[in-house]
Amino acid sequence: MTSPPSLPLEALGRRWLTRAEAWADRSPWRGATYEFLWFGLKQGWACLFGGLMLVLIVGTFLLWPETAPISRYDFLVVGAVAIQIGMLALKLEGRDEAVVILMFHIAGTVMELFKTAHGSWIYPEDSVLRIGAVPLFSGFMYAAVGSYIARVQRVFHIRVRGYPPFWLTAVLAAAIYINFFAHHWLPDVRLALFAATVLIFGRGWFWFTTDRRRRRMPLLLGYLLVALFIWFAENLGTLAQAWTYPGQQAGWEMVGLEKLGSWFLLMIISIVLVSIVRWPEVEPRDRP
């Protein structure tokens, strides 16, 4: 039985890939460089939604005309919806990933309403498409995190070992979410939440494929690295005045490293929400 013919672009891509792999196999440093480049490309593809949102935020900050018929924030809402529709129409995102984005949008908007009411941060520009002090594009920034977590599992063929049971992760995520609100009146228990996170996820590992070899990494290290990159994106977002912290109103300054802990805890909530629609698959034991 003959194989179906490849499309011209597909055939060209396979030839390039074969040549690139042959180049990478000539020495260890070439192999490491090749794998590192693939890692960056795949990470960029996994965070497509968030990356496009960040481009919109920074681009409109630099280029938005004062005479525009709509506000910049309202344009960001329209742009975010257009990105979502485009990703679904082009089959770049599955239905379960769209469900994840919706859950993140709702959970993020509720948190935004509460936090802005308590002065944790503000949105300095006017808009029509908003609920109270919260422009609707803000929920999509949380949704971008959910989109990344859902997509990265597929892009890197992620599998896990030592992953805790759902009920335990759900209790932890609920406690973290409640503490984001309750610490305004009650003692902040995030140190206890950090300790609980280490106890619950500390023995877990995930396996992933960047090029042709399976690699592994502790779950907690992976979550921390993602939180770090979100912190980098947060600095760009505040520089572009998508939102502003109280200390930045007199002039922009870098977001404090203490926010990294908040993003790490948010990562735990994110992982649990994604697991509702896509439970992590187990790495087979016949692999090293």
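See the structure shown above.
Residues numbered from 1 in each chain as written. Predicted model: local features only at pLDDT ≥ 70, side-chain atom pairs only at ≥ 80, totals over all residues. Heavy atoms only, no water.

Draft legend 1. Structural detail: the sheet that holds strand 4 (residues 205-209). Strand order in the open sheet formed by 3 strands is 3-4-5, and the pairing between neighbours is antiparallel. If you trace the sheet from one side to the other, it starts and ends with strand 3 (159-161) and strand 5 (214-218), each paired once. On average, each strand axis in the sheet is inclined to that of its neighbour by 30°, with strand direction left out of account. The strands that helix 9 (residues 219-239) touches are strand 3, strand 4 and strand 5; relative to strand 5, the one it contacts most, it runs at about 85°. (Pairing = 2+ DSSP bridges. Helix = DSSP H or I, 4+ residues; strand = E, 2+ residues; numbered from the N terminus. Axes fitted to C-alpha atoms, helices over the stretch in contact; angles between N-to-C directions. Contact = heavy atoms within 4.5 Å.)

Draft legend 2. Structural context of the packing of aromatic side chains. What the rule picks out here adds up to 20 aromatic pairs. With 4.8 Å between their ring centres and 65° between their planes, Phe-114 and Phe-181 make a pair best called edge-to-face. With a gap of 67 residues between them, Phe-114 in helix 5 (residues 95-117) and Phe-181 in helix 7 (residues 166-182) connect regions that are remote in the sequence. With relative accessibility at 15%, the residue Phe-114 sits in the buried group. Phe-181 sits in the buried class, given a relative accessible area of 15%. For the ring pair Tyr-163 and Phe-201, a centre distance of 5.8 Å and an interplane angle of 75° mean the geometry is edge-to-face. Within this pair, whereas Tyr-163 is found in the loop between strand 3 and helix 7, its partner Phe-201 is found in helix 8 (residues 190-201), the two being separated by 38 residues in sequence. Classification of Tyr-163 as buried rests on a relative accessible area of 15%. Joined through ring pairs, the aromatic side chains of Tyr-163, Phe-166, Phe-201, Tyr-223 and Trp-279 make up one cluster. Directly above the ring of Phe-156 sits Lys-42, whose terminal nitrogen or CZ lies 5.8 Å from the centroid. (Phe/Tyr/Trp six-rings, centres within 6.5 Å; stacked < 30°, edge-to-face > 60°. Buried < 20%, exposed > 50% of the residue type's maximum accessible area, 1.4 Å probe, protein only. Lys NZ or Arg CZ within 6 Å of the ring centre and 35° of its normal.)

Draft legend 3. Seen up close, empty space enclosed by the protein. A complete count under the given rule lists 2 cavities of 30 Å³ or more for this structure. If you trace the largest cavity, you find it lined by Phe-104, Ala-107, Gly-108, Met-111, Tyr-142, Tyr-177, Leu-266, Ile-269, Ser-270 and Leu-273. Within the residue set of the lining of the largest cavity, elements represented by two or more residues are helix 5 and helix 10 (258-277). Taken together, the residues that form the lining of the largest cavity break down as 8 nonpolar, 2 polar and no charged. One number sums up the size of the second largest cavity: a volume of about 30 Å³. What lines the second largest cavity is simply His-105, Thr-109, Ile-131, Val-134, Pro-135, Leu-136, Ser-138 and Gly-139. For the lining of the second largest cavity, the secondary-structure elements that each account for two or more residues are helix 5, strand 2 (134-135) and helix 6 (137-155). Tallied by class, the residues present in the lining of the second largest cavity amount to 4 nonpolar, 4 polar and no charged. (1 Å grid on protein atoms, 1.4 Å probe; cavity = no way out; pocket = protein on both sides within 12 Å on 5 of 7 lines; lining within 4 Å. Points joined across faces, edges and corners; volume = space filled by probe spheres on them. Nonpolar A, V, L, I, M, F, W, Y, C, P; charged D, E, K, R; others polar.)

Draft legend 4. A look at the nonpolar core. Membership of the largest hydrophobic core comes to 70 residues, with the highest contact counts inside it found for Phe-49, Phe-137, Ile-176, Phe-201, Tyr-223 and Met-267. If we ignore the near neighbours within four places in the chain, the residues touching Tyr-223 are Tyr-163, Phe-201, Phe-264, Met-267, Ile-268 and Ile-271. (Core = buried A, V, L, I, M, F, W, Y, C linked by side-chain atoms within 4.5 Å.)

Draft legend 5. The arrangement of the pairing of strand 5 in detail. Pairing geometry for strand 4 and strand 5, over 5 bridges, is antiparallel. Residue pairing across strands places Thr-209 opposite Arg-214, the latter belonging to strand 5. Counted between consecutive antiparallel strands, the loop separating strand 4 from strand 5 contains 4 residues.

Draft legend 6. Structural context of a nonpolar patch on the surface. Taken together, Val-99, Phe-166, Ile-276, Val-277 and Trp-279 make up a surface patch of nonpolar side chains, about 410 Å² in accessible area. Here Val-99 is to be found in helix 5. (Patch = residues over 30% accessible without salt bridge, like charges linked within 9 Å, V, L, I, M, F, W, Y side chains within 5 Å. Areas by Shrake-Rupley, 256 points an atom, 1.4 Å probe, with all protein chains shown as cover. Salt bridge = Lys/Arg side-chain N within 4 Å of Asp/Glu carboxyl O.)

Draft legend 7. Examining unusual backbone geometry more closely. Even without being a glycine, His-157 presents a positive backbone phi close to 50°. Among the residues examined, His-157 registers a relative accessible area of 43% and is labelled partly exposed.

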